[in-house]
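For reference, the chains in residue letters:
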Amino acid sequence: MRLMRRQVAAVAAAAAVAATAVAVALPSPQPAAADGEKALAWTAVHRTGSPPEHPREGDTWAVYADLKGPSGESAGDGSAVCTVVLTRYEGVVAQCRYVLRGTDGTLVLESMENRFGRGPYSADAAVVGGTGAYAGAKGEVRLTVESRRTLYQVRLK
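Now for a look at the structure at hand. (Residues numbered from 1 in each chain as written. Predicted model: local features only at pLDDT ≥ 70, side-chain atom pairs only at ≥ 80, totals over all residues. Heavy atoms only, no water.)

**Structural notes on the sheet that holds strand E5 (residues 105-116)**
Working step 1: A barrel is described by the order of its strands in space; here eight strands give the closed sequence E1-E2-E3-E4-E5-E6-E7-E8, paired in antiparallel fashion. The sheet shows a mean angle of 30 degrees between the axes of neighbouring strands, taken without regard to direction.
Working step 2: Strand direction decides the pairing type here: strand E1 (residues 38-48) and strand E8 (residues 149-156), joined by eight bridges, are antiparallel. Its bridge partner lying in E8, Ala39 is registered against Arg155. (Pairing = 2+ DSSP bridges. Helix = DSSP H or I, 4+ residues; strand = E, 2+ residues; numbered from the N terminus. Axes fitted to C-alpha atoms, helices over the stretch in contact; angles between N-to-C directions.)

**Focus on a nonpolar patch on the surface**
Working step 1: There is a patch of nonpolar side chains on the surface, built from Val85, Leu86 and Met112 and spanning about 250 Å² of accessible area.
Working step 2: Tracing the backbone through its elements, the reader meets Val85 in strand E3 (residues 74-88).
Working step 3: Taking relative accessible area as the criterion, Val85 reaches 38% and is therefore assigned partly exposed. (Patch = residues over 30% accessible without salt bridge, like charges linked within 9 Å, V, L, I, M, F, W, Y side chains within 5 Å. Areas by Shrake-Rupley, 256 points an atom, 1.4 Å probe, with all protein chains shown as cover. Salt bridge = Lys/Arg side-chain N within 4 Å of Asp/Glu carboxyl O. Buried < 20%, exposed > 50% of the residue type's maximum accessible area, 1.4 Å probe, protein only.)

**Here's the deal with the side chain of Arg115**
Working step 1: Turning to its location among the elements, Arg115 is positioned in strand E5.
Working step 2: Using a relative accessible area of 11% as the deciding quantity, one classes Arg115 as buried.
Working step 3: A distance of 2.9 Å separates polar atoms of two side chains, one belonging to Arg115 and the other to Glu113.
Working step 4: When near neighbours in sequence (up to four residues on either side) are disregarded, Arg115 contacts Pro51, Trp61, Cys82, Glu90, Gly91, Val92, Cys96, Tyr98, Tyr121 and Val145. (Polar contact = N/O pair within 3.5 Å; in protein donor to acceptor, adjacent residues only side chain to side chain. Contact = heavy atoms within 4.5 Å.)

What follows is the structure in structure tokens.
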């Protein structure tokens, strides 16, 4: 039994070292948020697009943006496509897909957002995949949509 516990402990230690090596090998604008997690902070500065003034169910809009890192450095570009799925007196519920194309790979996000009132609007999004350094990425994003920019706080697992 002791030998088995030692083997399990050795395998767990090796896995922890390997996970740390992978986390260090992936380039990132910010250090990891917690053990096994990687944090990114990006700002998308909108260049084109905006939601319709009087949206109805089924209306879609797209936004294209320059992606900036935490120090304002260029980090790539991004886009968002949102479709109104419900209208209410205070605003809309929109389903959105975000594609963030960074210098070392692409992240794809999905969200369902309440866009009530004048904004800014905050929502949680799921990381549904990626390419390059983010191939197979999973995690969560807290995003805040302002009038001409979107802030992304990404936690990759």
